[in-house]
Amino acid sequence: MIEGMTGVIAIYVFMLSAVAGYEVIARVPVILHTPLMSGSNFVHGIVVVGAMAALGMAQTPLEQALGFLAVLLGAGNAVGGYVVTERMLEMFKSSDKDKKQGAK
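Residues numbered from 1 in each chain as written. Predicted model: local features only at pLDDT ≥ 70, side-chain atom pairs only at ≥ 80, totals over all residues. Heavy atoms only, no water.

Take the overall build of the chain next. Tallying secondary structure elements over the chain gives five helices and zero strands in all. Going from the N terminus to the C terminus, the chain shows its helices and strands as α-α-α-α-α. When each of the 104 residues of the chain is scored for burial, the buried share is 14%. Counted over contacts in the chain with a minimum sequence separation of 6, partners at least 24 positions apart contribute 58%. Accessible surface for the chain amounts to roughly 8500 Å². Of this, 72% is attributable to carbon and sulfur atoms. (Helix = DSSP H or I, 4+ residues; strand = E, 2+ residues; numbered from the N terminus. Buried < 20%, exposed > 50% of the residue type's maximum accessible area, 1.4 Å probe, protein only. Contact = heavy atoms within 4.5 Å. Areas by Shrake-Rupley, 256 points an atom, 1.4 Å probe, with all protein chains shown as cover.)

Of all residues in the chain, 73% have pLDDT values of 70 or greater, and the mean over the chain is 78. When pLDDT is averaged over each element of the chain, helix 4 (residues 61-92) comes out on top at 85 and helix 5 (residues 96-103) at the bottom at 60. (pLDDT = per-residue confidence, 0-100.)

If you check helix 4, its first and last C-alpha atoms are 47 Å apart, about what 32 residues at 1.5 Å a residue would give, namely 46 Å. Turning to helix 4, its buried residues number three or more, namely Gly-67, Val-71, Gly-74, Ala-78, Gly-81, Thr-85 and Met-88. (Expected span 1.5 Å × (residues − 1).)

Those places that UniProt annotates as "transmembrane region" (unreviewed entry) correspond, in this numbering, to residues 6-30, 42-59 and 65-84. For residues 65-84, the helix share is 100%, the strand share is 0%, and the end-to-end C-alpha distance is 28 Å. (UniProt positions renumbered as here; feature names shortened; annotations may be inferred.)

Let us now look at the environment of Met-52. Take Met-52: it is sitting in helix 3 (residues 42-56). Residues Met-52 and Leu-72 lie 20 residues apart in sequence; the distance between their C-alpha atoms is 9.7 Å.

Laid out in structure tokens, this is it:
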């Protein structure tokens, strides 16, 4: 994949993405933070793809173990994001009792 990327460049990219992420999240109003973050589960998918790429380039058993752990944790994070989104959407659904009372 990215064969020419050295450790220094990887750290630079990580630092740039951390600063950009902080700047974006810091400007979101508190009331919108949770719905926005639970709705942006595609970010978690990108993390899983990056972890799979790291696992694919792993050569030593330690790198393979860390890559597997990264894929496992990233997938858990993505699934958890969808669970949180589902629970939040359930809060906005009206129950059958509300529908029956409104029909009377």
